Amino acid sequence: MGLVRRFLVGLLAVVLVMLFPASAQAATIWNGDAGSGLGVFGSLNCDSPGSVTAVDDATHGKVWRYSKPSGSKRCENHGIAVGGKRYQFQNGSTYYFGWQSKLSSTVDNNANFQWKSYGNHIQNFPVVLKMIGGKMSILQRQPGGVEHIIWSRAITANSWHSYVLGLHLSSATTGGWVEFWFDGQQQAFTDGTQRWACRTWDSSNEPKWGVYGASGSSVTNYVGALKVGSSYADVAP
């Protein structure tokens, strides 16, 4: 019976792979669990007295707290680490970034999430989530400094929201794309589509969460359920 059972289990696994090949190939690339320590990040851009610490939230458990003082310009992580090494994102690949966030203030800022360019770049920040006029907004920046606000939604301070950002990476002018989910619902962009075509790769890019800008204001960003994967299902909070 044991051999028959193992055979049937193996046969079922093969059938599932044949029926759902995309699901079989999906994988969570990175888990930024706040209980795992700061080693989950590539590095930090958060000068003292700012800080990135793990704290307990009554509803969401252990989360990251990015505390940016009023006299500071930024408090962010810079990149991610997988297996103790800085992860290298690849042109031509597709990634999904998932997280939950609660801001202590909705004052205008430069970014709460950045898909930031490094190296020999011409875009600087192809995709950014930032506060503008009380609305969480997605800014997409093309070569030549051409910028578009492709989505926005009013939020209130001290309220939790979930975000999933899908990026297909390409250095072609409209070869890449952006997809986005807010509070579990896929969003349409200002052009009416659910996939914004744009340039998303700039020789070297990494994700940054936290608070950038809002000079003159103290802002704390609580961030949990941080994940990077190859599909929406891998990272959905």
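Residues numbered from 1 in each chain as written. Predicted model: local features only at pLDDT ≥ 70, side-chain atom pairs only at ≥ 80, totals over all residues. Heavy atoms only, no water.

**Digging into the pairing of strand 17 (residues 219-229)**
For strand 17, the tally of buried residues reaches eight of eleven residues, placing the bulk of the element in the interior. Sheet topology note: the strand 1 (residues 28-31)/strand 17 ladder contains three bridges and is antiparallel. Each residue of the ladder has a partner; that of Thr28, found in strand 17, is Gly229. As paired elements, strand 7 (residues 94-103) and strand 17 share seven bridges and run antiparallel to each other. Within the sheet, the bridge partner assigned to Ser101 lies in strand 17 and is Val223. (Buried < 20%, exposed > 50% of the residue type's maximum accessible area, 1.4 Å probe, protein only. Helix = DSSP H or I, 4+ residues; strand = E, 2+ residues; numbered from the N terminus. Pairing = 2+ DSSP bridges.)

**Things to note about the environment of Cys198**
Following the sequence through the fold, Cys198 ends up in strand 15 (residues 196-198). Separated by 20 residues in the primary sequence, Cys198 and Val178 have C-alpha atoms spaced 7.6 Å apart. Dropping the residues within four chain positions of it, Cys198 is found in contact with Gln140, Gln142, Ala172, Thr173, Thr174, Gly175, Gly176, Trp177 and Val178. (Contact = heavy atoms within 4.5 Å.)

**Side note on unusual backbone geometry**
Cis geometry marks the peptide bond from Ser48 to Pro49, where omega comes out at 10°. Within the secondary structure, Pro49 is located in the loop between strand 2 (41-45) and strand 3 (51-57). With a phi angle near 65°, Asn158 is a residue other than glycine that sits in the positive phi range. Here Asn158 is to be found in the loop between strand 11 (147-154) and strand 12 (160-168). A relative accessible area of 51% places Asn158 in the exposed class. A positive phi angle, near 55°, is found at Ala214, a position not held by glycine. Note that Ala214 resides in the loop between strand 16 (205-212) and strand 17. When its relative accessible area of 7% is taken as the criterion, Ala214 is described as buried.

**Some points on the packing of aromatic side chains**
By the definition in use, this model includes 22 aromatic pairs. Centre to centre, the rings of Trp151 and Phe180 are 4.7 Å apart; their planes meet at 65°, and the pair counts as edge-to-face. Placement of Trp151 in strand 11 and of Phe180 in strand 13 (residues 176-182) is noted, with a sequence separation of 29 residues between them. On the basis of relative accessibility, which here comes to 5%, the residue Trp151 falls in the buried class. The lysine or arginine in question, Lys102, covers the ring of Tyr222, its NZ or CZ lying 4.9 Å from the ring centre. Across the ring face of Tyr118, the terminal group of Lys116 is positioned such that the distance to the ring centre comes to 5.1 Å. (Phe/Tyr/Trp six-rings, centres within 6.5 Å; stacked < 30°, edge-to-face > 60°. Lys NZ or Arg CZ within 6 Å of the ring centre and 35° of its normal.)

**Structural notes on the state of the cysteines**
This model, assessed by the stated rule, comprises one disulfide. The disulfide partner of Cys46 is Cys75, and the S-S distance across this bridge is 2.1 Å. Taking the torsion about the sulfur-sulfur bond, which here is approximately -85°, the covalent link between Cys46 and Cys75 counts as left-handed. Placement of the pair is Cys46 in the loop between strand 2 and strand 3 and Cys75 in strand 5 (residues 74-82), with a sequence separation of 29 residues. Relative accessible area serves as the criterion here: at 16%, Cys46 is assigned to the buried category. Take Cys75: its relative accessible area is 0%, and that puts it in the buried class. (Disulfide = S-S within 2.5 Å.)

**Digging into the side chain of Gln123**
With respect to the secondary-structure elements, Gln123 resides in the loop between strand 8 (111-117) and strand 9 (127-132). Using a relative accessible area of 0% as the deciding quantity, one classes Gln123 as buried. Engagement of the side chain of Gln123 in a polar contact is seen with the backbone oxygen of Arg141, the distance being 2.6 Å. Setting aside residues up to four positions removed in sequence, Gln123 forms contacts with Ser117, Gln140, Arg141, Gln142, Pro143, Arg199, Thr200, Trp201 and Asp202. (Polar contact = N/O pair within 3.5 Å; in protein donor to acceptor, adjacent residues only side chain to side chain.)

Honestly, it's all geometry; don't read function into it.
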